[in-house]
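# Working through the structure, step by step
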Amino acid sequence: MATPTTTINRSDDDNRLDTLALAAGRADAYDEHRDGTNLDILFSRAETMTLYLDSVNDAYAAYALGYSSYVTGAQMEAEQTRRIANEEYVEYLSGGAR
């Protein structure tokens, strides 16, 4: 028995718009972060955007993905910076760094 399949025909314009929306989401998150918005606030916004992804169009989903990917990357970078600083401080306290 054959399995029914659904084919979605997307034009190159649709794909281009999704790529632009993804880049716009990352750029907006970057701009807000650079302007001094706390990462916790940006994370909350990203979570809110992703709550309804099943009921939005592809461009909005791409925008939300771009926004949240920037925020996640910035959080990971901040955590890595904290870890390195902590390791250096512990080394300093133990007399290892001179």
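Residues numbered from 1 in each chain as written. Predicted model: local features only at pLDDT ≥ 70, side-chain atom pairs only at ≥ 80, totals over all residues. Heavy atoms only, no water.

## Things to note about a nonpolar patch on the surface
Rules: Patch criteria: residues need more than 30% relative accessible area and no salt bridge. Like-charged residues are merged within 9 Å; nonpolar side chains of Val, Leu, Ile, Met, Phe, Trp and Tyr are merged within 5 Å. Note on areas: Shrake-Rupley, 1.4 Å probe, and residue coverage restricted to the protein chains presented here. In the sections that follow, a salt bridge refers to a side-chain nitrogen of Lys or Arg positioned within 4 Å of a carboxyl oxygen of Asp or Glu. A helix here means a DSSP run of H or I that spans at least four residues, while a strand means a run of E at least two residues long, and both kinds are numbered starting from the N terminus.
Side chains of Y89, Y92 and L93 sit close together on the surface and give an oily, nonpolar patch of about 390 Å² of accessible area. Residue placement: L93 occurs in helix α3 (residues 58-93).

## Some details on the pattern of salt bridges
Rules: In this scheme, a residue with accessible area under 20% of its type's maximum is buried, one over 50% is exposed, and one in between is partly exposed, where area comes from a 1.4 Å probe on protein chains only.
Per the counting criterion, the structure on display carries five salt bridges. Note that D31 and R34 form a salt bridge whose closest N and O atoms lie 3.8 Å from each other. Of this pair, D31 and R34 both sit in helix α1 (residues 12-34), three residues apart, which is roughly one turn of the helix. When its relative accessible area of 55% is taken as the criterion, R34 is described as exposed. It is possible to trace a salt-bridge network through shared partners that takes in D31, R34 and D35.

## Some thoughts on α3
What counts here: To estimate how far a helix should reach, multiply one less than its number of residues by 1.5 Å. Nitrogen and oxygen atoms within 3.5 Å of one another constitute a polar contact, given that in protein one can donate a hydrogen and the other can accept it, and given that sequence-neighbouring residues count only through two side-chain atoms.
When the terminal C-alpha atoms of α3 are compared, their 52 Å separation across 36 residues agrees well with the 52 Å that a helix rising 1.5 Å per residue should span. The complete set of buried residues in α3 reads A62, A64, G66, Y67, S68, Y70, V71 and A74. At the N-terminal boundary of α3, the capping side chain belongs to N57, with an oxygen 3.3 Å from the backbone nitrogen of A59. After α3 finishes, the residue G95 shows a positive phi value of roughly 85°.

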